[in-house]
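So you can see what is in the structure, the chains are spelled out below.
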Amino acid sequence: MKKPNATVKEFIYPKLDRWKDSGLARWPVFTADDEVLRELHFELTYRCNLKCRICDLWGQERQDSTKVSLEMGADEIKRFVRGSKKLSRLEVLVLSGGEPLLKNDAVELVDFFTAHSPSASIGILSNLSNEELIRARLDEIFSRCAPRLWVGTSMDGIGPVHDKMRGAPGSWDRMVKTIAFLRERYPSVDVSITYTMTPHNYRELTAVHDWAEAHKCGFGAQYVVQKEGTEVFRWTRAQLGEVSRQVDALVDRLCRQADAVGHIYRDEADKLKWLWARLYYWRTLVDYGFEPKRYFPPCLAGRRYAMLDPWGNVSFCSPHKKKPVGNVRETPFDVLWENDKARRLREHIDAGRCDCWLMCTANPVIDRLLALALPSPVPVAP
Ligand code: SF4
Ligand code: SF4
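Note that the coordinates shown come from a computational prediction; the quantities given were computed from them, not determined experimentally. (Residues numbered from 1 in each chain as written. Chains lettered and ligands numbered in written order. Predicted model: local features only at pLDDT ≥ 70, side-chain atom pairs only at ≥ 80, totals over all residues.)

## Let's talk about the site of ligand 1
- In the neighbourhood of ligand 1, the contacting residues comprise Cys48, Leu50, Lys51, Cys52, Cys55, Leu57, Trp58, Gly97, Gly98, Glu99 and Asn127.
- Classifying every residue of the shell around ligand 1 gives six nonpolar, three polar and two charged. (Near = placed C-beta within 6 Å. Nonpolar A, V, L, I, M, F, W, Y, C, P; charged D, E, K, R; others polar.)

## Considerations on the sheet that holds strand E4 (residues 149-154)
- Spatially, the nine strands line up as an open sheet ordered E6-E5-E4-E3-E2-E1-E7-E8-E9, and their pairing is mixed. Every interior strand has two partners, whereas the edge strands, strand E6 (218-223) and strand E9 (326-327), have only one.
- One ladder, built from four bridges, connects strand E3 (residues 121-125) with E4; its direction is parallel. The partner of Leu125 across the bridge, within E4, is Gly152. (Pairing = 2+ DSSP bridges. Helix = DSSP H or I, 4+ residues; strand = E, 2+ residues; numbered from the N terminus.)

## So, the site of ligand 2
- The local shell around ligand 2 consists of Arg294, Cys299, Ala301, Phe316, Cys317, Pro319, His320, Ile349, Cys354, Asp355, Cys356 and Thr361.
- Each residue belonging to the shell around ligand 2 can be placed in one class, and the counts come to eight nonpolar, two polar and two charged.

## Considerations on the nonpolar core
- Counting residues in hydrophobic clusters, the biggest one holds 92 residues, and the most contacted among them are Leu95 and Met197.
- In terms of residues, this core owes the most to one element, helix H12 (residues 273-290), which gives seven residues.
- Once you skip the residues sitting within four places of it in the chain, Leu95 turns out to touch Phe42, Leu44, Pro100, Val110, Gly123, Ile124 and Leu125. (Core = buried A, V, L, I, M, F, W, Y, C linked by C-beta atoms within 7 Å. Buried ≥ 20, exposed ≤ 12 C-beta atoms within 10 Å, placed from the backbone. Contact = placed C-beta atoms within 7 Å.)

## Concerning unusual backbone geometry
- The step from Gly97 to Gly98 runs through a cis peptide bond, and the omega angle for that step is 20°.
- For Leu128, which is not a glycine, the phi torsion comes out positive at approximately 55°.
- Turning to its location among the elements, Leu128 is positioned in the loop between E3 and helix H6 (131-145).

## A word on the packing of helix H1 (residues 8-25) against helix H15 (residues 359-373)
- Where H1 contacts H15, the two axes come as close as 7 Å, and the packing angle between them is 85°. Here H1 lies roughly perpendicular to H15, going by the angle between them. For the pair formed by H1 and H15, the contact residues are Trp19, Lys20, Ser22, Gly23 and Leu24 on the first element and Leu369, Leu370, Leu372 and Ala373 on the second.
- Looking at the contact of H1 with H15 residue by residue, the class counts come to six nonpolar, two polar and one charged. (Axes fitted to C-alpha atoms, helices over the stretch in contact; angles between N-to-C directions. Parallel < 35°, antiparallel > 145°, perpendicular 65-115°, else oblique.)

Interpretation note: all reported values are geometric properties and have no functional meaning in isolation.
Next up, the structure:
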């Protein structure tokens, strides 16, 4: 069969659409399996040593330091986690903040969660920018349980662009040194970089991607989520067009490296689900920038995915953080997870009345759609 005279993107994106439609057609309702809580994103503390432009957390401690003293401590956390059946089947646990490693009992809590969720992958999201303390705490943690842990961090540009976004001169240098330390001391630990795009740093997408690739780090990007307490981020079409151009270049490179077109022609598309998932994510990220809306009707937030803040408020996802369904200090987790507020919010989500495009909640849906669509008969060129 003759290959079409089209760019990789023009050839592959229609296939992605067909797989998506096929996956959606086979996913009419949520199954019992979808209702099992598998991923918890736990913000351990809102203390932080940086002052990122995108963030409304760091100012809180400076305004009212008593708030931090009211955050849950290790004993309280252990008690409510041990008391929950729903939290006993976690596959992914992400510990974040603020800067989670600034919490005094951070190491004790990582120890607790590694014992409590023996098969979960546990991620620590750190800004890696308080060299001595963070190195010492990571050292303490990884010297005991490196194989099951990974580190996530945010890089918002190279050098001065990152420093400006993070509100702290020298933060890029400190982060890079900490990554080098981790690479040397714990080479098996995965380090993953997230790049948050704003109208101030969007030109650095390719540069940060290439930095991550050269340093064997995972890479993902997303648009900034607008928070009430930060500056308002306004995009122009020209800026979004530049993001799209950079994403096209990444997509093209990914497809060529993995021989995406060849796999489709050889009827082996099911072997590259990881690639289709990434392409889906990138392609929809661009679409979302131009037209924010719900791109896939199903969302697993509030079923498979939950969030907790440092005071015990439980929510379904980051955009719904201001609408917690309850607090574990007042109500056991398993009870509040099934309460009326939670049920109403699930109805709201199922009706498609909220939208976002974030890696943590989009990727599980994409994976599920592709698993449903492939390896069904693989569509080849018309
Ligand atoms: S490192 Fe994280 S918590 Fe700290 S200011 Fe930046 S975005 Fe906010
Ligand atoms: S679509 Fe986004 S905002 Fe809505 S429930 Fe899912 S993750 Fe949350």
